[in-house]
Amino acid sequence: MSVAVRFAPSPTGLLHVGNLRLALVNWLFARNAGGSFLLRLDDTDEERSRPEYAEAIERDLAWMGLTWDRFARESDRYGRYDEAAAMLRAAGRLYPCYETAEELGLRRASQVSQGRPPLYDRAALRLTDADRARLEVEGRRPHWRFLLEHRPVEWDDLVRGHQRFAGADLSDPVLIREDGRPLYTLTSVVDDADFAISHVIRGEDHVANTAVQIQIWQALGADVPGFAHLPLLTDAGGQGLSKRLGSLSIGSLRDDDGVEPMALASLLAKLGTSDAIEPRATLDALVAEFDMGKVSRATPKFDPEDLKRLNAKLLHLTPFDAVRGRLEAMGLAGVDAGFWEAVRPNLARLSEVADWWAVTHAPVAPVVEDAGFLAEAAGLLPDEPWDAGTWGAWTAAVKARTGRKGKELFLPLRKALTGLEHGPELKLLLPLIGRARALKRLAGETA
Ligand code: GLU
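Calculation rules
- Residues numbered from 1 in each chain as written.
- Predicted model: local features only at pLDDT ≥ 70, side-chain atom pairs only at ≥ 80, totals over all residues.
- Heavy atoms only, no water.
- UniProt positions renumbered as here; feature names shortened; annotations may be inferred.
- Helix = DSSP H or I, 4+ residues; strand = E, 2+ residues; numbered from the N terminus.
- Rg over C-alpha atoms; globule rule 2.2 N^0.38 Å.
- Buried < 20%, exposed > 50% of the residue type's maximum accessible area, 1.4 Å probe, protein only.
- Contact = heavy atoms within 4.5 Å.
- Lys, Arg positive; Asp, Glu negative; His and termini not counted.
- Charge placed at Lys NZ, Arg CZ, Asp CG, Glu CD.
- Salt bridge = Lys/Arg side-chain N within 4 Å of Asp/Glu carboxyl O.
- Core = buried A, V, L, I, M, F, W, Y, C linked by side-chain atoms within 4.5 Å.
- Near = heavy atom within 4 Å.
- Polar contact = N/O pair within 3.5 Å; in protein donor to acceptor, adjacent residues only side chain to side chain.
- Areas by Shrake-Rupley, 256 points an atom, 1.4 Å probe, with all protein chains shown as cover.
- Nonpolar A, V, L, I, M, F, W, Y, C, P; charged D, E, K, R; others polar.
- Axes fitted to C-alpha atoms, helices over the stretch in contact; angles between N-to-C directions.
- Parallel < 35°, antiparallel > 145°, perpendicular 65-115°, else oblique.
- Left-handed = near helix turned anticlockwise from the far one by under 90°.
- Pairing = 2+ DSSP bridges.
- Phe/Tyr/Trp six-rings, centres within 6.5 Å; stacked < 30°, edge-to-face > 60°.
- Lys NZ or Arg CZ within 6 Å of the ring centre and 35° of its normal.

- Within an unreviewed UniProt entry, the label attached to the chain reads Glutamate--tRNA ligase, and the organism entered is Azospirillum oleiclasticum.
- The record in UniProt for the chain states the following under Function (unreviewed entry): "Catalyzes the attachment of glutamate to tRNA(Glu) in a two-step reaction: glutamate is first activated by ATP to form Glu-AMP and then transferred to the acceptor end of tRNA(Glu)."
- Recorded under Subunit (unreviewed entry), the UniProt text for the chain is reproduced unchanged: "Monomer."

1. Here's the deal with the overall build of the chain
Then, in step 1: A tally of regular secondary structure across the chain gives 19 helices and twelve strands.
Then, in step 2: Relative to the compact-globule value of 22 Å for 447 residues, the chain shows a C-alpha radius of gyration of 31 Å, a clear excess of over 25%.
Then, in step 3: Expressed along its principal axes, the backbone C-alpha trace of the chain runs to roughly 105 × 45 × 40 Å.
Then, in step 4: A buried classification covers 47% of the 447 residues belonging to the chain.
Then, in step 5: The long-range share in the chain, meaning contacts at least 24 apart out of those at least 6 apart in sequence, stands at 74%.
Then, in step 6: For the chain, the centre of its 56 positive side-chain charges and the centre of its 65 negative side-chain charges are spaced 3 Å apart.

2. Examining the pattern of salt bridges
Pairing between side chains of opposite charge can happen when their charged atoms approach one another.
Then, in step 1: Per the stated rule, a full pass over the model turns up 41 salt bridges.
Then, in step 2: A salt bridge links glutamate 149 to arginine 151; the nearest nitrogen and oxygen atoms lie 2.6 Å apart.
Then, in step 3: Of the charged contacts in the structure, one is a salt bridge between arginine 254 and aspartate 255, with a shortest N-O distance of 3.0 Å.
Then, in step 4: Look at aspartate 255 and you get exposed, because its relative accessible area is 54%.
Then, in step 5: Bridged by salt links that share partners, the residues Arg6, Arg40, Asp42, Glu74, Arg77, Arg80, Glu83, Asp191, Asp192 and Asp194 form one connected network.

3. Focus on the nonpolar core
Then, in step 1: Counting residues in hydrophobic clusters, the biggest one holds 50 residues, and the most contacted among them are Val17, Leu20, Leu264, Met292 and Phe302.
Then, in step 2: Examining the composition of this core, we find that ten residues originate from one element, helix 1 (residues 17–32), more than from any other.
Then, in step 3: Residues within four places of valine 17 in sequence aside, it is in contact with Leu233, Leu241, Leu248, Ile250, Leu253, Leu264, Leu268 and Phe302.
Then, in step 4: Leu88, Leu148, Val200 and Ala211 belong to the second-largest nonpolar core, a separate cluster that totals 31 residues.

4. Points about the site of the ligand
Then, in step 1: With respect to spatial proximity, the complete set of residues near the ligand consists of Arg6, Ala8, Ser10, Asp42, Tyr184, Ser188, Arg202 and His206.
Then, in step 2: The contact in question runs from a nitrogen atom of the ligand to an N or O atom on the backbone of alanine 8, over 2.7 Å.
Then, in step 3: The contact in question runs from an oxygen atom of the ligand to an N or O atom on the side chain of histidine 206, over 2.9 Å.
Then, in step 4: In isolation the ligand exposes 300 Å². Once the protein is present, 80% of that is buried.
Then, in step 5: Grouping the constituent residues of the shell around the ligand by class yields two nonpolar, three polar and three charged.

5. Let's talk about the packing of helix 15 (residues 371–379) against helix 16 (residues 390–402)
The angle between the axes and the distance between the axes are what describe a pair of packed helices.
Then, in step 1: Where helix 15 contacts helix 16, the axes come no closer than 9 Å and their chain directions differ by 125°. The angle between helix 15 and helix 16 places the two elements in the oblique class. Crossing handedness for the pair helix 15 and helix 16: right-handed. Counting all contacts with helix 15, which are made through Phe373, Glu376 and Ala377, the residues of helix 16 involved are Trp394, Val398, Arg401 and Thr402.
Then, in step 2: For the contact of helix 15 with helix 16, the residue count by class is four nonpolar, one polar and two charged.

6. Some thoughts on the pairing of strand 6 (residues 153–157)
Then, in step 1: Of the two faces of strand 6, only one is covered, namely that formed by Val153, Trp155 and Asp157; the face formed by Glu154 and Asp156 stays uncovered.
Then, in step 2: The pairing of strand 6 with strand 7 (residues 161–165) spans five bridges and is classified as antiparallel. When the sheet's bridge partners are listed, tryptophan 155 is paired in strand 7 with glutamine 163.
Then, in step 3: The antiparallel hairpin formed by strand 6 and strand 7 contains three residues in its connecting segment.

7. Here we look at the sheet that holds strand 4 (residues 94–97)
Then, in step 1: Pairing is antiparallel in the open sheet, where three strands are placed in the order 4-5-8. Every other strand in the sheet has two partners, leaving strand 4 and strand 8 (174–176) as the edge strands with one partner each. Each adjacent strand pair in this sheet contributes to an overall mean axis angle of 45°, direction not counted.
Then, in step 2: As paired elements, strand 4 and strand 5 (residues 143–146) share four bridges and run antiparallel to each other. Bridge pairing in strand 5 links proline 96 to tryptophan 144.

8. Overview of the packing of aromatic side chains
Then, in step 1: Under the definition given, this model contains eight aromatic pairs.
Then, in step 2: Among the aromatic side chains, those forming a connected cluster through ring pairs are Trp155, Phe165, Trp217 and Phe227.
Then, in step 3: The ring of tryptophan 144 carries the charged tip of arginine 89 above its face, separated from the ring centre by 4.1 Å.

9. Re the sheet that holds strand 3 (residues 70–73)
Then, in step 1: Pairing within the open sheet is parallel, and its three strands lie in the order 1-2-3. Of all the strands in the sheet, the pair left with one neighbour each is strand 1 (4–7) and strand 3. Put simply, the sheet's adjacent strands are angled 25° from each other on average, direction ignored.
Then, in step 2: The sheet contact formed by strand 2 (residues 36–41) and strand 3 spans four bridges and is parallel. In the sheet register, leucine 41 faces strand 3, and the bridge partner there is arginine 73.
Then, in step 3: Sitting on the sheet, helix 1 touches strand 1 and strand 2, and the angle it makes with strand 1 is about 165°.
Then, in step 4: Each of strand 1 and strand 2 touches helix 6 (residues 184–194); the most contacted strand, strand 2, lies at about 150° to it.

Here it is in structure tokens:
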């Protein structure tokens, strides 16, 4: 069986870093094995699914470069779910139940109060045809449960190792709602079977679903795929991430925080694995390093500070050619390789290039603390043409004349020339600022 995986988000909210990590792990697994990646939108919850969330999911995946070979939408496939339900019914594995949510809740509460597990008691199996007819006359519509076989379900999980569930410990799952709509537990299996998914890679919140779903695969006569259940990411404080949590949404990291896709990919590919977290310039590099065997069972924490550091580190390593197009799109066509290399070590995010461009090419309000010293320094400014040696020659002359050195010498010059206390090396900035501007700024004029 060739490797085929899927990422199956429900378009009921924005993707957060935990969701995207699962997409990435699926994608890396597929690419590493020469297999295919399916994007499947689990949109059968029609009240909560929204086209704008589906669009955002596609945009977020594309931003990271997680291209999909196949695409499917569950809402296009109701016919297939009906067929599968008919097959299960014919095999005696799907049975109608009439309990209301309230009745089920009361029954569960009484089981729990007696110290018993809250399993569905299969009362509906004992209904006679006459009982059912009476309930339907009362206006009740059935929901449908899958009849689990009470035998152990086992699989070798690529992350969790050998897993075993006693069938008798599981409740018969509802597969079809009262209004006739199929539920995820069924639709996901039908899709995975139809798309010949070889490995289901998802969060460990689905482990119990897997036990149930394995029996559904078998009842449908389909091949049971392999499984990997990853521990879910938490935030830095150990709290679970919710899909409606905006701040760690991919859109906000990208648009508000200036996160580079490869910084996030480098972090998410390695979080919770035995590999060190280092910036990688391409997804191909992550593909080559990917191994599900490195994924740990321990809960990984996502700390935005780690991402910030990695983002900066990645930018500091990025060659000019890799950003040229994006700089042009930002209206910074004038930036050349020399300028990029001058400012790159100071960047926390790419948009800051524009700030440094403004320091060298637009009026700056200088910060003047010692006008006398600055006037003396201005008098020693060499004639143009200037190059990377100009700063050294000039400051040597200023030092000789004033006796100042170190911070006392450099900081007032930096604050006057750039209006800032920190920044790229002045030997690189000074020639870009130019003599005319430098003289004005040293004299305290905005220039
Ligand atoms: N739509 C499901 C979810 O978002 C998919 C789970 C799965 O991968 O099977 O949880």
